[in-house]
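Close look at the chain arrangement
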Amino acid sequence: MFQRITLGSAVLGLLLAIPVLPGHGFGEPRVVPDTPFYFDNHRFDRYPDAVVVRVVSGDTLVVQIEGEQKMRLIRLAGIEGLSPGENPFYQQAIELMRERILYRTVKLEGDKLLRNADATGLVEAYVWLEGHQINAMLVRNGLARIVPYSHNIKYDSYYGGLQEKAQQERLGIWSRL
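This text gives an overview of the structure that appears in the document. (Residues numbered from 1 in each chain as written. Predicted model: local features only at pLDDT ≥ 70, side-chain atom pairs only at ≥ 80, totals over all residues. Heavy atoms only, no water.)

1. Describing the pattern of salt bridges
- This structure, assessed with the given rule, holds eight salt bridges.
- Salt-bridge contacts for E95 lead to R98; the nearest nitrogen and oxygen are separated by 3.3 Å. Of this pair, E95 and R98 are both found in helix α2 (residues 89–101), three residues apart, which corresponds to roughly one turn of the helix.
- You can call R98 partly exposed: its relative accessible area is 35%.
- Taken together, the salt bridges that share partners define one network made up of D59, R75 and E124. (Salt bridge = Lys/Arg side-chain N within 4 Å of Asp/Glu carboxyl O. Helix = DSSP H or I, 4+ residues; strand = E, 2+ residues; numbered from the N terminus. Buried < 20%, exposed > 50% of the residue type's maximum accessible area, 1.4 Å probe, protein only.)

2. Concerning the layout of surface pockets
- Estimates place the volume of the largest pocket at around 170 Å³.
- Forming the boundary of the largest pocket are R100, R104, W128, L129, E130, H132, Q133, I134, A136, M137 and Y158.
- Of all the elements in the fold, those that place two or more residues in the lining of the largest pocket are β6 (123–129), β7 (132–133) and α3 (134–140).
- Residues that form the lining of the largest pocket fall into these classes: six nonpolar, two polar and three charged. (1 Å grid on protein atoms, 1.4 Å probe; cavity = no way out; pocket = protein on both sides within 12 Å on 5 of 7 lines; lining within 4 Å. Points joined across faces, edges and corners; volume = space filled by probe spheres on them. Nonpolar A, V, L, I, M, F, W, Y, C, P; charged D, E, K, R; others polar.)

3. Thoughts on the nonpolar core
- Counting residues in hydrophobic clusters, the biggest one holds 38 residues, and the most contacted among them are L61, L108, I134 and L138.
- Listed by contribution, the elements that provide at least two residues to this core are β1 (49–57), β2 (60–65), β3 (71–76), α2, β5 (105–109), β6, α3 and α4 (156–168).
- Broken down by element, the residue count for this core peaks at seven residues, all from α2. (Core = buried A, V, L, I, M, F, W, Y, C linked by side-chain atoms within 4.5 Å.)

4. Overview of the environment of V62
- Assignment of secondary structure puts V62 in strand β2.
- Separated by 13 residues in the primary sequence, V62 and R75 have C-alpha atoms spaced 8.8 Å apart.
- Once residues lying within four places of it in the same chain are set aside, the contact partners of V62 are V51, V52, V53, R54, V56, M71, R72 and L73. (Contact = heavy atoms within 4.5 Å.)

This is the structure we're talking about:
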């Protein structure tokens, strides 16, 4: 028994003697390579900050992601924006997004379960501003619909509840029913 304790103590002593390399701990900034494939749907392993430089439609943005030189086209995940024929709500969605997030820094979140097979061009993400999700805000105000069988499923049940509330309160597109 004494030999077992001595051996365990020796192994523990060796492990504790290994120096920890500086700059490789949790929370340390990582070098972000400027490649179009770093922030794609296959390696969506972080929550990057991005500045919204343009609102294209009620569910699509152009952003400048921290550490990257190229602009990116981001589609809001899990929701479907309104079509131009659904005025005035289509325009309200665009105006709401411009008011809230244009030229502001947002956080992008990818769905961890399943992702779009297209690794280039359009990237789908959940967009957060100061702890509030923009995707959810649009659904709650009746300015977007959920996509029930999309490949982005992380917030499906949450969006479903928000859409039901918007329908019950007859907000946005649901006011016409």
